[in-house]
Amino acid sequence: MKPLQTSSGDPNADRRADYAEMLVAAGDHAAAAELLLGGLELAPQWAMGWFRLGEMQEASGRLDLAAQAWAMSLKLDPADRQGAALKLQLIGKGPVAAAPPSAFVETLFDHYAETFEEMLVGKLDYRLPEVLDAAIRKARPGRLRLALDLGCGTGLMGEKLRPIVDRLVGIDISARMLKKARAKGIYDALTKADLQDFSHSGDKADLVTSADVLIYIGALEGLIGTVACLLAEGGLFAFSVESLASGDFALQPSRRYAHSEPYIRRTLGANGLSILALEPTTIRQDRSEPVKGLAVVARKAHAA
C-alpha cells in the first residue's frame, strides 16, 4: 500500500518529500533519506515525515538511523497513527506489544477505504468471505436471528451473511469504512468501535464473524472472551487468522499478527467454545505470494 499522503504544512518540505519518493521509486533509498532529512529540517514537527524517513533508512540498511527516525515519529505523535512502535519492535529496538496502536489501525483503514475492495478483491484475490460463508452454512443450515460482523469494513462479509440473517450488525474502527458499508444498505445497524475494547448490549447473537480482522489484534484472550459473552447458547463464531508455525502469536514484517493453531484451540476452549471446523486456507495474496491462514468455526456450548 502506498505511504500515507499527509502534508508537512511547509510547501518546500513537501516538495523535497515528493522528490525523495521519486528516488525511492528509482531504488536509491539512501539518497531519498538524505533528501527527506533536509525537508524535515524545514518541518521538524512532521511525525509522518519522520516515520517515512525511518522506512527509507531501513530500506537502505541503516537500522540505527531508522530507529532514531521512528522514535522521533512516536515522540511527536504518541497515539502513533503511523505504527512506529510496531516498526521499532520488528527491528528489535522497541518493546513487544500484544496489540497494535488503535490509532494506527484506524488511520490505516481510513486511508485504505476508497480503494479497499478494488485492491483486496480485484488484485489480492481475497475470497475469505466465501470460505467462511460456506463453513457457516454447513455448521448451521437455515436462518439466523442476529449476526454481529466484527471489523465489517466495507461489508464484504456482510454481503454473504445478509441472505441468511434476520438482523445484521456491523462494527468497525474506521469511519470511512463504515461509510462504504452504509452505502450498500445491507446492515441493519453499524457501530464505530475498537475491537480491542468494545461491548454490545441487547440480544445474544446466533453468529459472530471476524473475517481477516484478528491479524490486527495480537493477544486474543480478551476478544474471544467478549465474543463468548455475546453469543447465545449454540451460537457460532466464524473467523480467520494468519498461520504461525510455533508460539502463540507474533508480529510479522507486514505489521500484521499471525496466530498458531494450538493457541487458537486453547483460547477458544478456555472460553467455552468448541471447534466445528478449522481448515487451512489462503487468506489473500501478498507480493504475489499466498498468505496462509486458518478459517475457523466454533460453537458456544449449551448450558448443562
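Residues numbered from 1 in each chain as written. Predicted model: local features only at pLDDT ≥ 70, side-chain atom pairs only at ≥ 80, totals over all residues. Heavy atoms only, no water.

1. A closer look at the pairing of strand β9 (residues 289–300)
Put simply, the rule is: DSSP-based pairing: two strands are paired if at least 2 bridges between them are found. Runs of E in the DSSP output that reach at least two residues are strands. Runs of H or I that reach at least four are helices, and both are numbered from the N terminus.
Pairing of strand β5 (residues 231–243) with β9 involves seven bridges; the strand directions are antiparallel. Each residue of the ladder has a partner; that of Val241, found in β9, is Leu294. When strand β8 (residues 273–286) meets β9, the two strands line up antiparallel, connected through twelve bridges. Bridge pairing in β9 links Pro280 to Leu294. In this structure, the hairpin formed by β8 and β9 is closed by a connection of two residues, where Arg287 is found at a positive phi of approximately 55°.

2. A short note on the environment of Arg299
Relative to the helices and strands, Arg299 resides in strand β9. Through-space distance from the C-alpha of Arg299 to that of Tyr112 is 33 Å; in sequence the pair is 187 residues apart.

3. With respect to the packing of helix α2 (residues 29–42) against helix α3 (residues 47–59)
The geometry of a pair of packed helices is captured by two quantities: the angle between their axes and the separation between those axes. We apply this condition: Working convention: axes come from line fits to C-alpha atoms, limited for helices to the stretch in contact. Angles between N-to-C directions cover 0 to 180 degrees. Reported orientations rely on four angle classes, namely roughly parallel under 35 degrees, roughly antiparallel over 145, roughly perpendicular from 65 to 115, and oblique for the rest. Whether a crossing is left-handed or right-handed is set by the direction in which the near helix is turned from the far one by less than a right angle, anticlockwise for left-handed and clockwise for right-handed. Contacts are residue-level and defined by heavy atoms, with any inter-residue pair within 4.5 Å sufficient.
The geometry of α2 relative to α3 is characterised by a closest axis approach of 8 Å and an angle of 160° between their N-to-C directions. In this view, α2 runs roughly antiparallel relative to α3, as classed from their interaxial angle. Between α2 and α3 the crossing geometry is left-handed. Along the contact surface, α2 presents His29, Ala32, Ala33, Leu36, Leu37 and Leu40, while α3 presents Gly49, Trp50, Arg52, Leu53, Met56, Gln57 and Ala59.

4. With respect to the side chain of Ser174
Note the cut-off: Each residue is assigned to one of three classes by its accessible area relative to the maximum for its type, calculated with a 1.4 Å probe on protein chains only: buried under 20%, partly exposed between the two thresholds, exposed over 50%. Pairs of N or O atoms are called polar contacts if they sit within 3.5 Å, as long as, within protein, a hydrogen donor faces a hydrogen acceptor (for residues adjacent in sequence, only side-chain-to-side-chain pairs).
Examined against the element boundaries, Ser174 turns out to sit in the loop between β2 (165–172) and α10 (175–184). Residue classification places Ser174 among the buried positions, given a relative accessible area of 0%. A distance of 3.1 Å separates the side chain of Ser174 from the backbone nitrogen of Met177, its partner in a polar contact. Filtering out sequence-adjacent residues up to four positions away, Ser174 remains in contact with Glu106, Phe109 and Asp110.

5. Things to note about the nonpolar core
This is how the line gets drawn: For this analysis, a nonpolar core means a set of buried residues of the types Ala, Val, Leu, Ile, Met, Phe, Trp, Tyr and Cys, connected via side-chain atoms within 4.5 Å.
Ranked by internal contacts, the top residues of the largest apolar core, which has 40 residues, are Phe109, Phe116, Leu132, Ile136, Leu161, Val165 and Leu207. The element best represented in this core is helix α6 (residues 102–112), accounting for five residues. Those residues in contact with Phe116, other than ones at most four positions away along the chain, are Phe109, Thr154, Leu156 and Met177. Residues Leu195, Ala205, Leu214 and Leu230 belong to the second largest nonpolar core, which totals 31 residues.

6. A closer look at the pattern of salt bridges
Operational definition: The salt bridge definition used is simple: a Lys or Arg side-chain nitrogen within 4 Å of an Asp or Glu carboxyl oxygen.
Inspection of the entire model under this criterion finds 24 salt bridges. Notably, a salt bridge pairs Arg127 with Asp125, separated by 3.5 Å at the nearest N-O pair. Overall, the relative accessible area of 41% leaves Asp125 in the partly exposed class. Across the pair Asp248 and Arg266 runs a salt bridge, and its minimum N-O distance is 2.9 Å. Of the two residues, Asp248 is situated in the loop between β5 and β6 (249–251) and Arg266 in helix α12 (residues 261–270); the sequence distance between them amounts to 18 residues. A relative accessible area of 46% means that Arg266 is categorised as partly exposed. Connected through salt bridges with shared partners, the residues Asp212, Glu242, Arg256, Arg284, Asp286 and Arg287 form a single ionic network.

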